[in-house]
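Architecture and fold: a report
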Amino acid sequence: MIEFVGMLPYILLAVVAVWEMVLIGYAFSLAGNAADEAARAGAVHGAGACQEAAGEHIGGAWTMGATCGRSGNLYKAEVRLNLPILFPGFNIGVPITGTGGSPYEEEE
């Protein structure tokens, strides 16, 4: 019993560290997907659609910023999320960035 009580803080610390790594990986995946979807929407419909598409793929608990624009024949989008601590919404301000690009298409 004494050994368990002595090890419990270390076990809890390990669980929290693993959870944080999973959350960081999910944030990178979420930012990359949102940037890809935003670039696809922006390539066809412009900057307003790009910003809207980025917001649709990020939940309300995440602090997000998106930059969209044309670069040559590509339409690029960059989505920034703040690094969360233990759960989305409680973050420390370190940015996680996802970028995406899509060939520019003009509507007819």
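Residues numbered from 1 in each chain as written. Predicted model: local features only at pLDDT ≥ 70, side-chain atom pairs only at ≥ 80, totals over all residues. Heavy atoms only, no water.

**Details of the state of the cysteines**
- If you walk through the whole model with that rule in mind, you get one disulfide.
- Covalent S-S linkage joins Cys50 and Cys68, the inter-sulfur distance amounting to 2.0 Å. On the sign convention where negative means left-handed, the S-S torsion of about -80 degrees between Cys50 and Cys68 marks this disulfide as left-handed. Taken as a pair, Cys50 in helix H2 (residues 47–56) and Cys68 in strand E1 (residues 64–71) lie far apart in primary sequence, 18 residues in all.
- Judged by relative accessible area, Cys50 falls into the buried class, the value being 0%. (Disulfide = S-S within 2.5 Å. Helix = DSSP H or I, 4+ residues; strand = E, 2+ residues; numbered from the N terminus. Buried < 20%, exposed > 50% of the residue type's maximum accessible area, 1.4 Å probe, protein only.)

**Digging into the packing of aromatic side chains**
- What the rule picks out here adds up to two aromatic pairs.
- The interplanar angle of 55 degrees and the centroid separation of 6.1 Å between the aromatic rings of Tyr26 and Trp62 together place this pair among those described as tilted. Taken together, the positions of Tyr26 in helix H1 (residues 2–45) and Trp62 in the loop between H2 and E1 put the pair 36 residues apart, joining distant regions of the chain.
- Judged by its relative accessible area of 12%, Trp62 falls in the buried class.
- Centroid distance Tyr75 to Tyr104: 6.4 Å. Interplanar angle 20 degrees. Geometry classified as stacked. In this pair, Tyr75 sits in strand E2 (residues 74–85) while Tyr104 sits in the segment after strand E3 (87–103), placing the two residues 29 residues apart along the sequence.
- Overall, Tyr75 belongs to the buried group, its relative accessible area being 5%.
- Taking relative accessible area as the criterion, Tyr104 reaches 31% and is therefore assigned partly exposed.
- Its end group placed over the ring of Tyr104, Arg70 keeps NZ or CZ at 3.7 Å from the ring centre. (Phe/Tyr/Trp six-rings, centres within 6.5 Å; stacked < 30°, edge-to-face > 60°. Lys NZ or Arg CZ within 6 Å of the ring centre and 35° of its normal.)

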